[in-house]
Amino acid sequence: MAILVTGALGHIGMWVATRLLEEGDSVIAFDQHMAEFDRLATDELKAHSARIERETGDVTDPAAVEALFAKHAGKIDGVIHIASVAGVPAFTEQPRRFIDLNVMGTVNVLDAARTHGVKKFTFISSGAVYGTRQGPMKEADCPTPSDLYGATKLAGEEMTLKFGDTYGMETVCTRVYFVYGPGRRPDPMFPIYRWAFAPLDGVMGLSHESGADQMLDFTHVFDTAQGIVKAHRALPTKNRIYNITSGVAVRLGDVVDFVKDHLGTKTGITLGPGKAVPRGAPLDISRAKADLGFEPEFADIRNGIRHYHTWLQDSDYGKA
Ligand SMILES: NC(=O)c1ccc[n+]([C@@H]2O[C@H](COP(=O)([O-])OP(=O)(O)OC[C@H]3O[C@@H](n4cnc5c(N)ncnc54)[C@H](O)[C@@H]3O)[C@@H](O)[C@H]2O)c1
């Protein structure tokens, strides 16, 4: 038996797959870019190649998703659905395309799981469902997404939970947020990520008119993967939605300073006062701690920065 991970070559997907493999599972890794596994996968994921079945495909194509499940019929123990697009500027420019990906892509995977009798399904949602609310935000709070992206993640949650209710599947939604750390490819780095972490990768001298006072709940990708895998393994879970973050609000201007202090050199990152994006922090993670035994290893972002920098120094990832 194996666990199907969609979006398995993305930042979160790679570390979720790696953690599952390290814990002894086999993984069916599905991604639109799977043909580029050798270039895109981290060494940590490649180390488990013998127990990874690689599949290339598009979650927005129902026939391709159905063919995936048919090919592995009787072998899929559960699904962790991560393939999606985050709140990038292109979202506003091409709403239909990304709504199709985040909502109907999720429905395609849920429907194939249902028809093939797969009972366990974990959906990766986002703190974006809380919109601009200030933290600590609890899962029981009424969702108030402030943009189309957040609306698609809320719709994905509802589809996941209602498929569960209707067809007797065990489903859970994990709300992740501002994920950083090893294996994040430079290209899709959204601006906040670059201001905070690009100096660790040698990119200096970025500036923006605002953002220094933005409070965010940055989460190291190892902690994100830990929480997602724990939620999946706990199915049927006590609750159906879990915040999976560091649980700590950090000022973006302070993160810029922490990175500067860690490197011991000027980074030339200058942010003006105020916020840069319509998001709050932190997410309350007490439910995930109590129900799942989730315990973020990098709750102090200074430890996460140190670990990330060491990984970047030791790795050739993305440097070819
Ligand atoms: N990274 C974050 O900070 C963050 C925060 C909140 C929520 N999330 C959620 O988690 C998801 C994954 O985040 P990530 O950082 O790993 O993103 P990512 O862009 O690194 O990975 C997404 C993966 O999905 C694959 N994919 C995209 N469209 C596909 C399609 N149509 N068919 C098959 N595969 C497809 C991509 O090739 C990529 O490998 C996000 O899209 C978002 O919904 C992420």
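Residues numbered from 1 in each chain as written. Predicted model: local features only at pLDDT ≥ 70, side-chain atom pairs only at ≥ 80, totals over all residues. Heavy atoms only, no water.

Caption draft 1: Structural detail: the overall build of the protein chain. Assigned secondary structure in the protein chain consists of 12 helices and 13 strands. Against the 2.2 N^0.38 benchmark of 20 Å for 320 residues, the protein chain shows a C-alpha radius of gyration of 19 Å, consistent with a compact globule. With respect to the principal axes defined by its C-alpha atoms, the protein chain has extents near 55 × 45 × 40 Å. Taking the intrachain contacts of the protein chain between residues at least 6 apart in sequence as the baseline, contacts between residues at least 24 apart amount to 81%. A distance of 2 Å separates the average location of the 34 positive side-chain charges in the protein chain from that of its 40 negative side-chain charges. (Helix = DSSP H or I, 4+ residues; strand = E, 2+ residues; numbered from the N terminus. Rg over C-alpha atoms; globule rule 2.2 N^0.38 Å. Contact = heavy atoms within 4.5 Å. Lys, Arg positive; Asp, Glu negative; His and termini not counted. Charge placed at Lys NZ, Arg CZ, Asp CG, Glu CD.)

Caption draft 2: Here's a closer look at the site of the ligand. Taken together, 27 residues surround the ligand, and among them I12, D31, D58, K153 and V179 come closest. Here an oxygen atom of the ligand sits 2.9 Å away from a polar atom, N or O, in the main chain of I12. With respect to the ligand, the side chain of D58 contributes an N or O atom lying 2.8 Å from a nitrogen atom. In the complex, the protein chains occlude 90% of the 820 Å² of accessible area that the ligand would expose alone. The set of elements that each furnish at least two residues to the shell around the ligand consists of α1 (11–22), β5 (120–126) and α7 (148–167). Here the element with the most residues in the shell around the ligand is β5; it accounts for three residues. Of the residues in the shell around the ligand, the class split is 14 nonpolar, nine polar and four charged. (Near = heavy atom within 4 Å. Polar contact = N/O pair within 3.5 Å; in protein donor to acceptor, adjacent residues only side chain to side chain. Areas by Shrake-Rupley, 256 points an atom, 1.4 Å probe, with all protein chains shown as cover. Nonpolar A, V, L, I, M, F, W, Y, C, P; charged D, E, K, R; others polar.)

Caption draft 3: Highlighting the state of the cysteines. Within the structure shown, the criterion is met by zero disulfides. C142 supplies the cysteine sulfur nearest to C173, a cysteine that is in no disulfide, at a spacing of 15 Å. Residue classification places C173 among the buried residues on the basis of a relative accessible area of 0%. (Disulfide = S-S within 2.5 Å. Buried < 20%, exposed > 50% of the residue type's maximum accessible area, 1.4 Å probe, protein only.)

Caption draft 4: Representation of helix α9 (residues 221–233). Its 13 residues give α9 an end-to-end C-alpha distance of 18 Å, which sits within 8% of 18 Å, the value for a rise of 1.5 Å per residue. Of all 13 residues that make up α9, 10 are buried, and the element is covered over most of its length. (Expected span 1.5 Å × (residues − 1).)

Caption draft 5: Spotlight on the packing of helix α6 (residues 95–115) against α7. Between α6 and α7, whose axes approach to 10 Å, the crossing angle comes to 15 degrees. The pairing of α6 with α7 is recorded here as roughly parallel in orientation. The crossing of α6 and α7 is right-handed. In contact with P95, I99, N102, V103, T106, V107, L110, D111 and R114 of α6, α7 contributes L148, Y149, T152, K153, A155, G156, M159, T160, F163 and Y167. (Axes fitted to C-alpha atoms, helices over the stretch in contact; angles between N-to-C directions. Parallel < 35°, antiparallel > 145°, perpendicular 65-115°, else oblique. Left-handed = near helix turned anticlockwise from the far one by under 90°.)

Caption draft 6: Summary view of the sheet that holds strand β11 (residues 241–243). With parallel pairing, seven strands are arranged side by side in an open sheet as β3-β2-β1-β4-β5-β6-β11. Two strands lie at the open edges of the sheet, namely β3 (52–56) and β11, each paired on one side alone. For this sheet the average axis-to-axis angle between neighbouring strands, irrespective of direction, equals 20 degrees. With five bridges connecting them, strand β2 (residues 26–31) and β3 associate as parallel partners. When the bridges of β3 are listed, V27 appears paired with I52. (Pairing = 2+ DSSP bridges.)

Note that all results are geometric; they support no functional claim without further evidence.
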